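This is what each chain is made of:
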Amino acid sequence: MAAKRGTKTSMKNMEKELLCPVCQEMYKQPLVLPCTHNVCQACAREVLGQQGYVGHGGDPSSEPTSPASTPSTRSPRLSRRTLPKPERLDRLLKSGFGTYPGRKRGALHPQAIVFPCPACQGDVELGERGLAGLFRNLTLERVVERYRQSVSVGGSILCQLCKPPPLEATKGCTECRATFCNECFKLFHPWGTQKAQHEPTLPTLSFRPKGLMCPDHKEEVTHYCKTCQRLVCQLCRVRRTHSGHKITPVLSAYQALKDKLSKSLTYILGNQDTVQTQICELEETLRHTEVSGQQAKEEVSQLVRGLGAVLEEKRAALLQAIEECQQERLARLGAQLQEHRSLLDGSGLVGYAQEVLKETDQPCFVQAAKQLHNRIARATEALQMSRPAASSSFRHCQLDVGREMKLLTELNFLRVPEAPVIDTQRTFAYDQIFLCWRLPPHSPPAWHYTIEFRRTDVPAQPGPAHWQRREEVRGTSALLENPDTGSVYVLRVRGCNKAGYGEYSEDVHLHTPPAPVLHFFLDGRWGSSRERLAISKDQRAVRSVPGLPLLLAAERLLTGCHLSVDVVLGDVAVTQGRSYWACAVDPASYLVKVGVGLESKLQESFQGAADVISPRYDPDSGHDSGAEDAAVEALPPFAFLTIGMGKILLGAGAGAGAGLTGRDGPAAGCTVPLPPRLGICLDYEQGRVSFLDAVSFRGLLECPLDCSGPVCPAFCFIGGGAVQLQEPVGTKPERKVTIGGFAKLD
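Conventions we followed
- Residues numbered from 1 in each chain as written.
- Predicted model: local features only at pLDDT ≥ 70, side-chain atom pairs only at ≥ 80, totals over all residues.
- Heavy atoms only, no water.
- Helix = DSSP H or I, 4+ residues; strand = E, 2+ residues; numbered from the N terminus.
- Buried < 20%, exposed > 50% of the residue type's maximum accessible area, 1.4 Å probe, protein only.
- Contact = heavy atoms within 4.5 Å.
- Areas by Shrake-Rupley, 256 points an atom, 1.4 Å probe, with all protein chains shown as cover.
- Core = buried A, V, L, I, M, F, W, Y, C linked by side-chain atoms within 4.5 Å.
- Domains from an automatic or database assignment.
- pLDDT = per-residue confidence, 0-100.
- Pairing = 2+ DSSP bridges.
- Phe/Tyr/Trp six-rings, centres within 6.5 Å; stacked < 30°, edge-to-face > 60°.
- Lys NZ or Arg CZ within 6 Å of the ring centre and 35° of its normal.
- Axes fitted to C-alpha atoms, helices over the stretch in contact; angles between N-to-C directions.
- Salt bridge = Lys/Arg side-chain N within 4 Å of Asp/Glu carboxyl O.
- Polar contact = N/O pair within 3.5 Å; in protein donor to acceptor, adjacent residues only side chain to side chain.
- Disulfide = S-S within 2.5 Å.

**Some points on the overall build of the protein chain**
- Of regular secondary structure, the protein chain possesses 16 helices and 36 strands.
- Per-residue burial over the protein chain gives 35% buried out of 746 residues.
- Taking as baseline every contact in the protein chain between residues at least 6 positions apart, the subset at least 24 positions apart corresponds to 64%.
- Accessible area of the protein chain: about 47,400 Å², with a carbon and sulfur share of 54%.

**Here's the deal with the nonpolar core**
- Tyr580, Ile648, Leu678 and Phe715 are the most contacted members of the largest nonpolar core, which has 50 residues in total.
- In terms of domain composition, this core takes at least three residues from each of domain 4 (421-512) and domain 5 (522-614 + 635-653 + 669-725).

**As for the confidence of the model for the protein chain**
- The pLDDT averaged across the protein chain works out to 77; a share of 75% of its residues lies at or above 70.
- Low pLDDT, under 50, characterises residues 608-632; the stretch is placed with 44 contacts to residues that sit more than four places away or in other chains.

**Considering the side chain of Ser505**
- Its location among the elements puts Ser505 in the loop between β19 (500-501) and β20 (508-511).
- For Ser505, a relative accessible area of 5% corresponds to the buried category.
- Excluding its chain neighbours within four sequence positions, the residues that come into contact with Ser505 are Ala419, Pro420, Ile422, Arg492 and Val493.

**Here's the deal with the pairing of strand β25 (residues 566-570)**
- The buried count for β25 comes to five of five residues, which makes it a mostly enclosed element.
- The pairing of β25 with strand β35 (residues 711-718) spans four bridges and is classified as antiparallel. Across the sheet, the residue bridging to Val567 is Cys716, located in β35.

**Here's the deal with the packing of aromatic side chains**
- Counted by the stated rule, this structure contains eight aromatic pairs.
- Summarising the aromatic geometry, the rings of Tyr430 and Tyr580 are spaced 6.3 Å apart at their centres and angled 65° between planes, so their arrangement reads as edge-to-face. A residue pair is termed long-range when its members are at least 10 positions apart, and Tyr430 in the loop between β13 (428-429) and β14 (433-438) and Tyr580 in strand β26 (residues 578-585) qualify at 150 residues.
- Assessed through its relative accessible area of 5%, Tyr430 is described here as buried.
- For the ring pair Phe520 and Trp581, a centre distance of 5.9 Å and an interplane angle of 90° mean the geometry is edge-to-face. Placement of the pair is Phe520 in the loop between β20 and β21 (522-523) and Trp581 in strand β26, with a sequence separation of 61 residues.
- Here a set of aromatic residues connected by ring pairs shows up, and it is made of Phe180, Phe185 and Phe188.
- The lysine or arginine in question, Arg329, covers the ring of Phe394, its NZ or CZ lying 4.7 Å from the ring centre.
- Here the basic side chain of Arg454 rests over the ring of Trp467, its NZ or CZ set 4.7 Å away from the ring centre.

**Considerations on the environment of Ile643**
- Note that Ile643 resides in strand β29 (residues 638-644).
- Look at Ile643 and you get buried, because its relative accessible area is 1%.
- Measuring from C-alpha to C-alpha, the distance between Ile643 and Phe717 comes to 9.9 Å, with 74 residues separating the pair along the chain.
- With sequence-adjacent residues up to four places away left out, Ile643 is seen in contact with Val585, Tyr590, Leu591, Val592, Val594, Ile648, Leu674 and Leu678.

**A few points about the sheet that holds strand β5 (residues 135-136)**
- The strand order across the open sheet formed by three strands is β2-β1-β5, and the pairing between neighbours is antiparallel. Each edge of the open sheet is held by one strand with a lone partner, namely β2 (38-40) and β5.
- Bridging between strand β1 (residues 30-32) and β2 involves three bridges; their strand directions are antiparallel. Each residue of the ladder has a partner; that of Leu31, found in β2, is Val39.
- Lying over the sheet, helix α2 (residues 41-50) contacts β1 and β2, oriented at roughly 85° with respect to β2.

**Notes on the pattern of salt bridges**
- The final tally for this structure, using the stated rule, is eleven salt bridges.
- A salt bridge links Glu312 to Arg315; its shortest N-O distance comes to 2.5 Å. Highlighted residues: Glu312 and Arg315, both in helix α9 (residues 272-341), separated by three residues, approximately one helical turn.
- A residue is classified by how much of its surface remains accessible, and Glu312, at 40% relative accessible area, is partly exposed.
- Salt-bridge contacts for Arg540 lead to Glu727; the nearest nitrogen and oxygen are separated by 3.5 Å. Of the two residues, Arg540 sits in the loop between β22 (533-535) and β23 (541-544) while Glu727 sits in the segment after β36 (721-725), which places them 187 residues apart along the sequence.
- In this structure, a network of salt bridges that share partners links the residues Glu452, Arg469, Glu471 and Arg492.

**With respect to the pairing of β36**
- With respect to burial, β36 is a largely interior element, four of its five residues being buried.
- One ladder, built from three bridges, connects β26 with β36; its direction is antiparallel. Considered in β36, the bridge of Val585 is made with Val723.

**Examining the side chain of Thr512**
- Inspection of the secondary structure puts Thr512 in the loop between β20 and β21.
- Looking at Thr512, the relative accessible area reads 5%, which means it is buried.
- Engagement of the side chain of Thr512 in a polar contact is seen with the backbone oxygen of Asp484, the distance being 2.7 Å.
- Polar side-chain contacts of Thr512 include one of 2.8 Å to the backbone nitrogen of Ser487.

**Details of the state of the cysteines**
- A complete count under the given rule lists zero disulfides for this structure.
- This cysteine, Cys23, is not joined by any disulfide, and Cys43 carries the nearest cysteine sulfur, 3.6 Å off.
- Under the relative-accessibility criterion, Cys23 is labelled partly exposed at 30%.

**What to know about the sheet that holds strand β9 (residues 223-225)**
- Strand order across the open sheet formed by three strands is β10-β9-β11, with antiparallel pairing between neighbours. Either end of the sheet is taken by a strand with one partner, and the two such strands are β10 (230-232) and β11 (247-249). When the angles between neighbouring strand axes are averaged without regard to direction, this sheet yields 35°.
- Where helix α8 (residues 250-270) meets the sheet, it contacts β9, β10 and β11, and its direction lies at approximately 85° from that of β11.

Put into structure tokens, the structure is as follows:
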């Protein structure tokens, strides 16, 4: 009983899943759209009619017919009218309702029918046949019918063949598409006739076919096309439409989809506590959103009221200034007007002057006329100038509010910064990690940034990934100090301003060097041809300039050539542990050797050494020496990598004596392209030196080395060439030079 009650409750709770998105009523003969949503067949026809499509509402013969809707119950005019066949209607619609001279039959392309899905608000193409090419969702119909029976929607089902008042239906017939009471079923299914073979079913208001039929060929579907994600029949399977598609039997598709749905449902049912927790979190977020939204409205209203108050105050001040200017001008113009009126004949001043002129007593006249003459002179001057005492224009009081209007028009909410873009050309890892980024062009500015990083080559811990974080980074670059050697770091950045934090940038992965970085400078005191070596002022770059001997040797190439080897060493020697450094070789270099060697052997070989014969002969090549000394089992004192003309030479001796770093390394006796930077990793205790691509840290060559004494970096030039040591990212520490017994503090 409890299980039955739970089933009824679940049936009642799923009513919203059974409502058509168009009519908002329970589905009636639902059709499956290509977007997998459902819609009633009648609603779909109505929607197509509103869109202007005529004749694509599906196959009219698919509408249910029953003994209750026989031709005798229809209109006599309709019964005498011969309805055209659906095939003829389709042909007429596709052909454009006939032809005319000059037009070929079937020249127009079939009309593509687009159906606006009310569920996903997208336009889906139905093909040429419209609704007639869609499948009915029989499973959904069965669910709707079970739901109606569980909640008793619409009351009992009545017999469709009884005379009024109809009795309650007890049986249904799929073939007749009608519901019957017991008496009517016997009456319409007489014994001994073909209708007597009809199997009775439970009474229902919607009758479905026994199986799902192909809408194109009216045959039962037997296969499922995974490419088209559509059920197909045997004829569809052999047609050109599904040629080359992956087609499986319906049973396989049924079992696979049922297993997936069962597993998903089991997972959901098994995590009801999680679902309930998330529901509580969403409800709390909903309440918080309502409160935050109301607060945001109040803040915006307060700010806008503040702007209004400032504008009102400014308006009052501007109007007061205009009023004061107006009163001043009116006073000046009024006084000028009175002066001009006094000059009129019969006015006070003119009349008074005329009376004064009648005075015959000379002393009295002079006494009275002196002041009067000054007034008359000013009036005469004003009359001659004839200019108003003040301007009537207030153009100087006009406001230019274009900039302010633009600012008010552009007034909008603050936006968080967009995801920064990490500059991969300038971001690298050496002794420290240097990270550089920029904001997109139209991104709001950021006040500061947050950098997050973590190692990816450590065992993953349960739970979310643990990121290390640096807060409030100013500028668009940062240094991450003391990274672990031989590791892979993933880094990301996001900006922050008053609006909050923006999105993270895309993750960038950086490989750190396999050993601690060795800091050193170049020392050109060793070798016999130091005049051809040009070392930079910071002693981190060197260039070999070929001189006259190389030009003279070019004439003797066929008979014999004597060329000098230009050598420059590092000013630091290694006596223990593992060390790493990187350099860049000019691709236009003729022949350059980069490597390491014993300090004593390098001094013996290159200080005052004689010329060597031919650049192809090099007795100090590390991998060549390894091959030659293999017989006596002596480790070579040098290990060099040969670079020339933008290529790295890996000779046969390198493959035999030195060995490669792994299966992915280059084969012996070949050349590989020169990377932008070369890395050298020296393991003093193991007596091994590795040459790497300093960008991807891919191994190029690994050689043995005699580490019985101090070992220092060395660079050899034959002909023109250039080498640049990679600059350390952090501050260079103090170092002591240990070559040749000299010690100096740098």
